[in-house]
Amino acid sequence: MSRIAKYPVPVPKGVEFNLSSGQISIKGPLGTIARAADPNVEVKKDGEQIVFMALGNSNHANAMSGTMRALVANMVNGVSKGFEKKLTLVGVGFRAQAQGAKLNLQVGFSHPVVKDMPEGIKVECPTQTEILIKGADRQVVGQVAAEVRAIRPPEPYKGKGIRYSDEKVSLKETKKK
């Protein structure tokens, strides 16, 4: 059995767990997330915990039991606390503005770049050079942050661009005469 799947997922107060016809749905104060359950994994609620067991003895069932446990733990965490990614803009004149469900970026191009946020994602700009992306679904928050970073990734000579706040950009040495 997967070592990760051995640990049950605690369900905090205010979070509802529902399993019906191979679909796991979790509802909490920050929203609802649904995901298809793997047919090789048995998922059941045991009091205030969700327990995962691999069906069969195959390596695939064993691996999927740990994967399902991690995905459901992220779902529970997302609807109760939420996830956030922080991005930083580095460069002269680089600015970001949050306008409702849109992110307006001025990152050295001749035109401003407008990025629409998917449903369930909130974007905030505490300062002109910081972007906070928040949401309940960890995968979507990470994907949106990666798409925003891809607009202008940090370049290796001056370090200008959009980077994660905890990202270390190693700068190259410039060409010598």
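Preceding this paragraph is the structure being described.
Residues numbered from 1 in each chain as written. Predicted model: local features only at pLDDT ≥ 70, side-chain atom pairs only at ≥ 80, totals over all residues. Heavy atoms only, no water.

Q: Could you clarify how one ought to interpret the overall build of the chain in this entry?
A: Scanning the chain for helices and strands turns up two helices and 13 strands. For the chain, the C-alpha radius of gyration of 21 Å lies well beyond 16 Å, the compact-globule estimate for 177 residues. Taken along the three principal axes of its C-alpha coordinates, the chain extends 65 × 40 × 20 Å. Counting the 177 residues in the chain, one finds 32% classified as buried. (Helix = DSSP H or I, 4+ residues; strand = E, 2+ residues; numbered from the N terminus. Rg over C-alpha atoms; globule rule 2.2 N^0.38 Å. Buried < 20%, exposed > 50% of the residue type's maximum accessible area, 1.4 Å probe, protein only.)

Q: I'm lost on the nonpolar core in this one. Help?
A: Formed by 21 residues in total, the largest nonpolar core has its most connected members in Ile24, Ile26, Val43, Ile50, Phe52, Met68 and Val72. Contributions of two or more residues to this core are made by β3 (23-28), β5 (41-46), β6 (49-54) and α1 (59-80). Sequence-distant contacts of Val72, that is, excluding residues within four places in its chain, are made with Ile24, Ile26, Ile50 and Phe52. Counting 20 residues, the second-largest nonpolar core is a separate cluster that includes Leu89, Val113, Val123 and Val144. (Core = buried A, V, L, I, M, F, W, Y, C linked by side-chain atoms within 4.5 Å. Contact = heavy atoms within 4.5 Å.)

Q: Sorry if this is basic, but what is going on with the pairing of β3 here?
A: As a general feature of sheets, a regular strand has side chains that alternate between the two faces. Every second residue of β3 is oriented toward a common face, the buried set being Ile24, Ile26 and Gly28 and the non-buried set Gln23, Ser25 and Lys27. Relative to β3, strand β2 (residues 16-20) runs antiparallel, the two being bridged by five bridges. Bridge assignment links Ser20 to a residue of β3, and that residue is Gln23. Hairpin connection, β2 to β3: the antiparallel pair is bridged by two residues, and Ser21 has positive phi, about 45 degrees. Examined bridge by bridge, β3 and strand β4 (residues 31-36) share six bridges and lie antiparallel to one another. Bridged to Ile24 within β4 is Arg35. (Pairing = 2+ DSSP bridges.)

Q: Mind showing me how you'd approach the packing of aromatic side chains here?
A: For any pair of aromatic rings, geometry is given as the distance between the ring centres together with the angle between the planes. What the rule picks out here adds up to zero aromatic pairs. The residue whose ring lies beneath Arg152 is Phe109, and the NZ or CZ to ring-centre distance is 4.8 Å. (Phe/Tyr/Trp six-rings, centres within 6.5 Å; stacked < 30°, edge-to-face > 60°. Lys NZ or Arg CZ within 6 Å of the ring centre and 35° of its normal.)

Q: Help me out: how do you make sense of the pairing of strand β8 (residues 95-99) in this one?
A: Two strands pair when backbone bridges link them, and β8 and strand β9 (residues 102-106) are joined in this way by five bridges, in the antiparallel orientation. Bridging from a neighbouring strand, Ala96 pairs with Leu105 of β9. Linking β8 to β9, which pair antiparallel, is a turn of two residues; within it Gly100 sits at a positive phi near 65 degrees.

Q: Even after reading the chapter, I still don't get the sheet that holds β5, so can you show me in this structure?
A: By definition, the strands of a sheet pair up through backbone hydrogen bonds, in either a parallel or an antiparallel sense. Read across the sheet, three strands follow the order β1-β6-β5 without closing on themselves; strand pairing throughout is antiparallel. Across the chains shown, the open sheet's two edge strands, defined by having one partner strand only, are β1 (9-10) and β5.

Q: How should I be thinking about α1 in this particular structure?
A: The α-helix winds at 3.6 residues per turn, so residues separated by three or four positions along the chain end up facing the same way. Here α1 spans 32 Å end to end across 22 residues, near enough to the 32 Å set by a 1.5 Å rise per residue. For α1, the full list of buried residues reads Ala61, Met64, Ser65, Gly66, Met68, Arg69, Val72, Ala73, Met75, Val76, Gly78 and Val79. Along its buried surface, α1 packs onto β1, β3, β4, β5, β6 and β7 (83-90). Count one or two residues on from α1 and you reach Gly82, which has phi positive near 90 degrees. (Expected span 1.5 Å × (residues − 1).)

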